[in-house]
Structure formats: C-alpha cells, structure tokens
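Summary of the model geometry
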Amino acid sequence: MSLGVRWTLHGDGRTPAPGAVVRPDERLSWPRTAGLGAQHVVAMFGASFVAPVLMGLDPNLAIMMSGVATVIFLLATRGTVPSYLGCSLSFVGVAAAIRASGGSSATVTGAVFVVGAVLFLAGLAVRRFGARIIHAAMPPVVTGAVVMLIGFNLAPVTAATYWPQDQWTALLVMLFTGLAVVCLRGFWSRIAIFLGLVFGYAVSWVFDLVFGKIHSTGADGRVTDHWRLDLSGVSQADWIGLPTLHGPSFEWSAILVALPVVIALIAENAGHVKAVGEMTGDPLDDKLGTAIAADGAASMLSTAVGGPPNTTYSENIGVMAATRVYSTAAYWAAAGFALLFGLCPKFGAVVAAIPGGVLGGITVILYGMIGLLGAQIWTNARVDLRNPLNLVPAAAGIIIGVGGVKLTFTDTFELGGIALGTIVVITGYHVLRAFAPAHLKQQEPLLDSGTSSYEGTTGEEPTAKS
C-alpha cells in the first residue's frame, strides 16, 4: 500500500514549462522543493502563531504540532491531497468563552480534544455513507449561520482586551493590514496578516523610542505604565528546547461550547478538498471523508499534549495557485521546517511578545473575516433569506451567539453564546422544517455545487498512485 512518499522528477527539476503544473506525485529538485516548503511555512505563519497566542496556548508547541498534523494528513490521504494543517482560528472564540468562565489551558484543550474526536468520527461516517449525511444535518443556511456567529462572537475580545492596550497602534495596524490584503498581489497578499504583524512590531518599537512608555491596560488587565514591545523574555529564552506540554481536562460546560466548531471544520475541509481538486484537475470527491478524519485525528493528537487544534489552510492554497506547484513533497519539507521552529524557544518568545495593540488591529480584520465566511457560504449556495424557514432560525441563533444570550439551568451549568446559538440554529431549522408548508421546503443546495458527486460514493477509495 502506497503512502504517497514517492515522487517523480518534473521535467528538468528546475522550472515548470509555461502552462504546466507540478502534480502532487511529482517534485522539483530537492533544493527548490525545500524553498517551496519554506514558502508554505511563511504563508501559514500569520494565522498559525496568532491563533495559539489568542487562545493562550504555547506558540512553539502549536507550530511543532502543525508540522506533525501535516505529516498525519499527508500519510492518511496517501499524498493525493496537498495541504498544510495549521492552528485553527475557529476555536479562538471558544477558548475566550471557556477562559471567561474560569477555564484553564487544560480545559480548553480538553474541550477541543472532544471536538477532534467528533470530527474524526464524522470523517469515518462520510467515508462510509457519503456526504449526504452532512448535507441532511447541516444545509448551507445552518453552516453559514454557525460560522458567522463563531466569528462575530469574538468582537468583544478585540474591543475589550486588545484594542484598549494601544489604540493608535491598533488603528495603524488595521489600516496597513487592510491595504496589504487588498492592494498586494499573489504570494504577498497571502501573507498579509504576517506583514501586518511585522509592521505592528516596528510601529510599537518606534513609538516606544519616541513617546516612551504607554499608560494603558496591559496584558494582565491592569492599567499601568508599560512598554508596548517588551522583548525581555526573548533574551532569556534558549535557542533549542522542547515546548511546554500538558494534558487535557474535560468539563461538560466547556465541551458544549466547543462542539459547534465541528460544523465550521467540516465546511472548511469540504471547501479545501474541492478547491485542490479543481486546481490539480484530479477528482478528489472520494477523499473528503479521509481528509475530515485525518484533520480530526491530528487535532486529537495535538490537543492531547497541550497544543491547539489544526485545520487545512487556505493561505497555502494561495501559494499553490501562485506557483502552480502542487507537489506533496513541498508540504513534507514545510512540516520539517515547522518541527524545527517548534524546537526553538527563542522563536516562541518573539511570538509571545506581540504587543496587545498589534493584536487589536489584526483581530479587527481577522475576526470579521471569519464571521463573513458564513455569509460567503450563504452566497455560494444561493440561500434565500426571504424564506422564513431559513431566516428565522439563522436570525435567532446569530443574535444569541453574538450577543452572549444565556440559559441558566443550575448554579454550575448554563448554555450561552456559541453553544446556545448553534443549538438554536440547528434544532430550530429542522423543527421548523418538519412543520413548514410544502412551498417553503425547497431543496437545499449542497455545501457547494462541486460536492454533488459525493451522493453516489460508497466510502471506498481507490488505491493511490506511488
């Protein structure tokens, strides 16, 4: 059985011919492949080390486990789905909600571990029964609403935690990052978040030199005089060392808050597999179940040792589209680089020193983009919000999720925010559909038009090529 770790040399191994693509089972010369791998690492940096910082987890461990997760994914899909698995931003709101209720890092990773297990089981179910089970339970109106409320639920985190630490730096970083996203082209636009972070570092350093310490809320929540950019931890960190590991802790209240993210992860994986299949010209419909299961297994492994969950990264799809190199060998190289970065505590100290104002400017855009992905799902699937069957559950769930509405059952158990909003969207839609008149029950589109062929699959996958 092939593991997808054999590649044939493409052409002369230097430059693809005009219009040609380097397929997943091909590679360029090893030095060029290593360079492409490094480029993939840079592309995922912006989101993949911001996410663990926002979740309160070790960025070194996050980067290292992203490399491990990528290896698991490549082996599971047998080298047919080129992809990098980085830290998922979908869980940032979940982590904030869990910590706001007194949860620790172990509570966060325990809740996310359960999400990974559910995602793994969902992948196995898709392999066995086809994607019809996803479409039946989570039509686009439901998926879009859940993704939207997950993203917009993060707005108070930016407004109350990051932006007040240095509002003027936050404003400049927001403007710069927005310009980078819109005005830059190709590879540079894909690393706009990373460029925004670098710009924010530079601005904070200059402001410290010119204006001195700032009197504002610090990372600890106290109003004090402090430097915007504090690199004292960098000089004390070692060059080589293992990240800090910890085991998960399981609490039902935290698990219920985290479970809705499964919907977003399934949608992300479906879109990723579809996009890669279109770019490579290979139908990858039968790999959706495997991709979802591999993502779940990788997240379980990462969170079991204290790391964040992982998911497929659209930033790296952009790199492939720009270079037309879809070789999985480049992703193996990227995974290797990530493992090396994870073993450098000094790198983690640099990441941990990101000024709060910089995170404020970045998260204004980042959190909004996450929420608007839900609207994109609605647009792509042509969801009709004039239909009250779609409008009512989505409207109610989003307001509950974004506004933090709560249902208190006992002194120690309550449902609110993301968890309650998701329950209202899913159950509300299906209950209303059961009682709705026939003219409102129009056939819902699938997750996207390219997944219709899943309906005919049996879950069996052909043997991958060497």
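Each value, and the rule that gives it
Residues numbered from 1 in each chain as written. Predicted model: local features only at pLDDT ≥ 70, side-chain atom pairs only at ≥ 80, totals over all residues. Heavy atoms only, no water. Helix = DSSP H or I, 4+ residues; strand = E, 2+ residues; numbered from the N terminus. Buried < 20%, exposed > 50% of the residue type's maximum accessible area, 1.4 Å probe, protein only. Contact = heavy atoms within 4.5 Å. Areas by Shrake-Rupley, 256 points an atom, 1.4 Å probe, with all protein chains shown as cover. pLDDT = per-residue confidence, 0-100. Salt bridge = Lys/Arg side-chain N within 4 Å of Asp/Glu carboxyl O. Core = buried A, V, L, I, M, F, W, Y, C linked by side-chain atoms within 4.5 Å. Phe/Tyr/Trp six-rings, centres within 6.5 Å; stacked < 30°, edge-to-face > 60°. Lys NZ or Arg CZ within 6 Å of the ring centre and 35° of its normal.

1. Let's talk about the overall build of the protein
Scanning the protein from terminus to terminus reveals 20 helices and 8 strands. Expressed as a percentage of the 466 residues in the protein, the buried residues total 52%. In the protein, 79% of the contacts between residues at least 6 apart in sequence involve partners at least 24 apart. If you sum the accessible surface of the protein, you get close to 19,800 Å²; carbon and sulfur atoms cover 66% of it.

2. Here we look at the confidence of the model for the protein
Mean pLDDT over the protein: 80, with 88% of residues reaching 70 or higher. Low confidence marks residues 445–466, where pLDDT is under 50. Its contacts with residues over four positions away, or in another chain, come to 52 contacts.

3. Topic: helix H3 (residues 92–100)
Buried residues of H3: Val92, Gly93, Val94, Ala95 and Ile98, and no others. Among the residues trailing H3, Gly102 stands out with phi positive, at a value near 95°.

4. Here we look at the pattern of salt bridges
Tallying each qualifying case throughout the model produces 3 salt bridges. Two residues, Arg228 and Asp166, come together in a salt bridge whose shortest N-O distance is 3.2 Å. Separated by 62 residues along the polypeptide, Arg228 in the loop between strand E5 (223–226) and helix H11 (232–236) and Asp166 in the loop between helix H7 (155–162) and helix H8 (167–183) bring together distant segments of the chain. Residue classification places Asp166 among the buried residues on the basis of a relative accessible area of 6%. What you see here is one network of salt bridges that share partners, running through Asp166, Asp208 and Arg228.

5. Concerning unusual backbone geometry
Residues apart from glycine generally show negative phi values, whereas peptide bonds are mostly found in trans. Phi at Arg78 is positive, roughly 55°, even though this residue is not glycine. Its location among the elements puts Arg78 in the loop between helix H2 (59–76) and strand E3 (85–87). Positioned with a positive phi, Arg382 is a non-glycine residue whose angle comes to about 55°. Here Arg382 lies in the loop between helix H18 (356–380) and helix H19 (388–403). A relative accessible area of 72% places Arg382 in the exposed class.

6. Brief notes about the nonpolar core
One finds Phe49, Met55, Ile266, Ile354, Tyr367 and Trp378 to be the most contacted residues of the largest nonpolar core, which totals 100 residues. Per-element tally for this core: the top contributor is helix H13 (residues 261–280), with 10 residues. Ignoring any residue separated from it by four or fewer positions in sequence, one finds Phe49 in contact with Ile63, Phe194, Leu197, Phe347, Val351 and Ile354. Within the second largest apolar cluster, 5 residues are counted, among which are Val22, Leu28, Leu36 and Val325.

7. A look at the environment of Leu121
Summarising the element assignment, Leu121 is placed in helix H4 (residues 105–129). For Leu121, a relative accessible area of 55% translates into the label exposed. Spatially, the C-alpha atoms of Leu121 and Gly296 are 8.0 Å apart, while their sequence positions differ by 175 residues.

8. Focus: the packing of aromatic side chains
Scanning the model with the defined rule gives 4 aromatic pairs in all. When the centroid spacing of 5.9 Å and the interplanar angle of 70° are considered together, the rings of Phe113 and Phe250 count as edge-to-face. With Phe113 in helix H4 and Phe250 in the loop between H11 and helix H12 (252–258), this residue pair connects regions lying 137 residues apart in the sequence. We classify Phe113 as partly exposed; its relative accessible area is 22%. Residue Phe250 is classed as partly exposed on the basis of its relative accessible area of 48%. With centroids separated by 4.2 Å and ring planes inclined at 5°, the aromatic side chains of Phe176 and Phe199 adopt a geometry described as stacked. A residue pair is termed long-range when its members are at least 10 positions apart, and Phe176 in helix H8 and Phe199 in helix H10 (residues 192–211) qualify at 23 residues. Sitting above the plane of the Trp239 ring, Lys346 keeps its charged end 5.1 Å from the centroid.

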